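Letter by letter, the chains look like this.
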Amino acid sequence: MAGHHSSSSSSASSSFQTFASRLLLLLTVLPLTLAVFAFVLQWRGGLNDPVTRWSPNHHEFPGMGSLPRPVVHASSRSSDCVDPLGQSRSPSFPYYRDWKFDYVSDLRPQICIQTSTSAGLEQTLPWIFYHKVIGVSNFLLFVEGQAASPNVTKVLETIPGVKVIHRTRELEEQQAKSRIWNETWLSSFFYKPCNYELFVKQSLNMEMAIVMAREAGMDWIIHLDTDELIYPAGTREYSLRQLLSDVPGDADMVIFPNYESSVERDDIKEPFSEVSMFKKNYDHLPKDVYFGNYREATRGNPNYYLTYGNGKSAARIQDHLRPNGAHRWHNYMKTPNEIKLEEAAILHYTYPKFSDLTSRRDRCGCKPTKEDVKRCFMLEFDRVAFIIASTATQDEMLSWYRERIVWTDKALNLKLLRKGILTRIYAPMIIIQGLRESGVFSSVIASAVKVTLSKDQFLLSVESSNSSRETTYGAITSRKIGKTFDSQATARKFLEFRANTSHPLAVAPLSPPGLDDFSFETQMFSKS
């Protein structure tokens, strides 16, 4: 019995050891096999991303869904050649396909941005393509200064959806006939220099832009400066088109409160790519938080914001629409219904570069005295900055800039970030950096150079073929004919309209509420 028991135990032990060794071998071989299989699939490109495969619509990025997918030739799959126009293979902006961003006409709503600018390509190209990414289809650029130079306009004019309008004598003569000059709502800004002159010019350009946008089939129009970006927070897809499509049908105007940039260095070169901290608007903060931190947030400056705090607006294009200054729209026949957005905002990059002090000074010929600057500037900080830039040395200007504009106190920054006064916004920075790394800006410049060369060659050939012909008529380019005659016809039809003359005054750039406003509200509340 004892020998039989010992034999059984030995057999069971041997069987268990065999099973354990086989199990261990299986557990070792199985992961290795799966790893090799996955490697083979990845190497051959045979495994699709399940998100893009099963997504009901293959819109990898808002506003870009209707773009045709690029054709990939069999030979290009195995090629490691780099895009000759600078397209990066970096995954930082994987949604990039075509620098043109040429949207088809059936995408709704169609959004147009109008601006009056003198900025160069380093500012306008990121500004245009960022807004293309979030769903803007058309741009009306009224250009002067550097923006009107041939090297800049020849690039801008090659971008689909961009129309460049030069400040020519014909344009000024046309705007001189505007009904705005006979209205009272803008009259307090007439015949004054600097900011007041710009404000009137912006309003006249906005009036013409309404006609152009309507002819182009636009649904919404927005006046925006080239130092401002739209931040469509509150939408699932970070899309301005989605944001405006959700606006109730009876709303005529949408107000975007503005956030102001809070730069943390004095050597910023590209604000859109380097600034991520912003001061939130009064409308997006609880009153106790706003007024409770007002003094610390102001840092000795005249107001909570350095410049304006009353936002910008988008208007639904309709009959009798008119500008109401650079910040609002109105209607000659009715009071528009407006809504104010609770999350979306305008990001205003205010004095983000030290050189902004002198560049603003150089655009205005006022005397640097407290009395004279009131004729030229509407906001107190602009007045103070102009005097400093006109009277101080370079070192004194830099010291003042660091004290009043640059946020160098990290402890204060952290406190106000926790309170909600300051906020971090990275989306525009990431999008613009991705566009730059993907070669978008270099592509559009390279394309403009090619187009310009082909145009020059064509014109030379035409000139040589016509050199023997005698002409008895004045030479007028087709571009000038198109711009002058079409614009005059449409603008005249709009400008000759007459309606009631009782309208609210134009909305000027206004500072946010101050402590005096809080004291007044407190007194009113205690009396009630």
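Here the residue numbers are simple positions, counted from 1 along each chain's written sequence. Confidence filtering applies because this is a predicted model: local features only for residues at pLDDT of at least 70, side-chain atom pairs given and counted only at 80 or more, and all residues used for totals across whole chains, interfaces and linings. Note: side-chain values were computed over all heavy atoms of the structure, leaving out hydrogens and water.

Q: Is there a simple way to explain the overall build of the protein in this structure?
A: Regarding its fold elements, the protein presents 20 helices and 14 strands. Burial classes follow relative accessibility: with a 1.4 Å probe on protein chains only, a residue under 20% of its type's maximum area counts as buried, one over 50% as exposed, and anything between as partly exposed. Of all 528 residues assigned to the protein, the portion counted as buried reaches 45%. Long-range pairs, those at least 24 residues apart, make up 78% of the contacts in the protein with a sequence separation of at least 6. Working definition of accessibility: Shrake-Rupley area with a 1.4 Å probe, residue cover restricted to the visible protein chains. Just so you have it, the protein exposes about 28,700 Å², and 55% of that area is on carbon and sulfur atoms. Counting from the N terminus, the helices are the DSSP runs of H or I reaching at least four residues and the strands are the DSSP runs of E reaching at least two. Note on definitions: a residue-residue contact is assigned when non-hydrogen atoms from the two residues lie within 4.5 Å.

Q: Explain the packing of helix α4 (residues 121–133) against helix α17 (residues 427–437) to me, please; I cannot follow it from the model alone.
A: Any two packed helices are characterised by how steeply their axes cross, that is the angle between the axes, and by the distance between the axes. α17 packs onto α4 with a crossing angle of 110° between their chain directions and a minimal axis gap of 10 Å. Taken together, α4 and α17 sit at an angle that is classed as roughly perpendicular. Residues P126, F129, Y130 and V133 of α4 form the contact with α17, whose own contacting residues are P428, I431, I432, L435 and R436. Polar here means any residue outside two lists: the nonpolar Ala, Val, Leu, Ile, Met, Phe, Trp, Tyr, Cys and Pro, and the charged Asp, Glu, Lys and Arg; Gly therefore counts as polar. Its residues assigned to classes, the contact of α4 with α17 comprises eight nonpolar, no polar and one charged. The axes are straight lines fitted to the C-alpha atoms, using for helices just the contacting stretch, and the angles between their N-to-C directions are given from 0 to 180°. Under this scheme an angle from 65 to 115 degrees is roughly perpendicular, one under 35 degrees roughly parallel, and one over 145 degrees roughly antiparallel; angles in between are oblique.

Q: Which parts of the structure should I look at to understand the sheet that holds strand β4 (residues 220–223)?
A: Working definition: the strands of a sheet are paired by backbone hydrogen bonds and lie parallel or antiparallel to each other. Taken together, the seven strands give an open sheet; going across it, the order is β3-β2-β1-β4-β9-β6-β12, and neighbouring strands pair in mixed fashion. At either margin of the open sheet sits one strand with a lone partner, and together these are β3 (162–166) and β12 (338–340). If you compare each strand with its neighbour and ignore which way they point, the axes differ by 20° on average. Here strand β6 (residues 253–256) pairs with β12 via three bridges, running parallel. Bridge pairing links V254 to I339 in β12. Along the sheet, helix α7 (residues 195–215) makes contact with β1 (111–117), β2 (138–143), β3 and β4, crossing β2 at roughly 145°. Two strands qualify as a pair provided that DSSP identifies no fewer than 2 bridges between them.

Q: Hey, could you run me through the pairing of strand β9 (residues 312–316) in this one?
A: With four of five residues buried, β9 is to be regarded as a mostly interior element. With three bridges connecting them, β4 and β9 associate as antiparallel partners. Each bridged residue has a counterpart across the sheet, and for I221 the counterpart in β9 is A315. Relative to β9, β6 is paired through four bridges, and the arrangement is antiparallel. Paired with F256 across the bridge in β9 is K312.

Q: Could you clarify how one ought to interpret α4 in this entry?
A: Helix length check: α4, at 13 residues, gives a terminal C-alpha distance of 18 Å against a target of 18 Å (1.5 Å per residue), a fit within 8%. Taking burial as the measure, the 13 residues of α4 include 11 buried ones, the bulk of the element. Within α4, the full set of buried residues consists of L121, T124, L125, P126, W127, I128, F129, Y130, H131, K132 and V133. Backbone geometry just after α4 places G135 at a positive phi near 120°. By this rule the span expected of a helix is its residue count minus one, scaled by 1.5 Å.

Q: In this structure, what is going on with the sheet that holds strand β8 (residues 277–279)? I would like to understand it.
A: Spatially, β5-β13-β7-β8-β14 is the arrangement adopted by the five strands of the open sheet, whose pairing is mixed. Edge strands, defined here as strands with exactly one partner in the open sheet, are β5 (228–231) and β14 (422–424). Averaged over all neighbouring strand pairs, the angle between strand axes comes to 35°, with direction disregarded.

Q: Just to check I follow, could you spell out the environment of T158 for this structure?
A: When you line up the elements, T158 lands in the loop between α5 (150–156) and β3. In this structure the C-alpha to C-alpha distance between T158 and V451, which are 293 residues apart in sequence, comes to 8.0 Å. A distance of 2.7 Å separates the side chain of T158 from the backbone oxygen of V155, its partner in a polar contact. In protein, a polar contact requires one atom able to donate a hydrogen and another able to accept it; more generally it is a pair of N or O atoms within 3.5 Å, and residues adjacent in sequence count only if both atoms are side-chain atoms.

Q: Is there a simple way to think about unusual backbone geometry in this case?
A: Excluding glycine, a negative phi dihedral is what most residues carry, and trans is how most peptide bonds are arranged. Looking along the chain, the bond that leaves R108 and enters P109 is cis, with omega of -5°. You will see that Y238, though not glycine, has its phi angle at about 50°, which is positive. Following the sequence through the fold, Y238 ends up in the loop between β5 and α8 (240–245). Here the phi dihedral of R299 falls at roughly 55°; this positive angle occurs in a residue that is not glycine. The topology assignment puts R299 in the loop between α11 (294–298) and β9.

Q: Sorry if this is basic, but what is going on with empty space enclosed by the protein here?
A: Any empty space left between the atoms is revealed when a probe the size of a water molecule rolls over them. The rule is simple: put a 1 Å grid over the protein atoms alone, call a set of points where a 1.4 Å probe fits but cannot get out a cavity, call an open set with protein on both sides within 12 Å along at least five of seven lines a pocket, and count a residue as lining if it has an atom within 4 Å of a point. Grid points are joined across faces, edges and corners, and a volume is the space filled by probe spheres set on the points. Going through the model one piece at a time under the given rule, you end up with three cavities of 30 Å³ or more. Put simply, the largest cavity is a space of about 90 Å³. For the largest cavity, the lining is made up of 15 residues, of which E260, S261, L306, I405 and W407 are closest to its centre. Among the elements of the structure, β7 (258–261) and α11 are those that each provide at least two residues to the lining of the largest cavity. Of the pockets and cavities examined, the second largest cavity occupies roughly 40 Å³. Ranked by residue count, the leading element in the lining of the second largest cavity is strand β11 (residues 329–331), at three residues. In terms of residue class, the lining of the second largest cavity is built from five nonpolar, three polar and two charged.

Q: What exactly am I supposed to notice about the packing of aromatic side chains here?
A: Where two aromatic rings form a pair, the distance of their centres and the angle of their planes describe that pair. Pairing of aromatic rings covers Phe, Tyr and the six-membered ring of Trp, with a centre-to-centre limit of 6.5 Å; geometry is then stacked below 30 degrees between planes, edge-to-face above 60, and tilted otherwise. The final tally for this structure, using the stated rule, is 21 aromatic pairs. Ring centres 4.6 Å apart and planes at 55° place the aromatic pair Y290 and Y304 in the tilted group. A residue pair is termed long-range when its members are at least 10 positions apart, and Y290 in helix α10 (residues 287–292) and Y304 in the loop between α11 and β9 qualify at 14 residues. Each member of the pair Y290 and Y304 is classed as buried. Look at F377 and F386: their rings are 5.2 Å apart centre to centre, the planes differ by 45°, and that puts the pair in the tilted class. Given the relative accessible area of 6%, F377 is considered buried. Through a chain of ring-to-ring contacts, three or more aromatic side chains come together here, namely Y282, Y290, F291, Y294, Y304 and Y305. Comment: the charge-over-ring label is applied if NZ (Lys) or CZ (Arg) is within 6 Å of the ring centre and within 35 degrees of the ring normal. If you follow R179 out to its NZ or CZ, it ends over the ring of Y332, 3.6 Å from the centre. The ring of W407 carries the charged tip of R299 above its face, separated from the ring centre by 4.1 Å.

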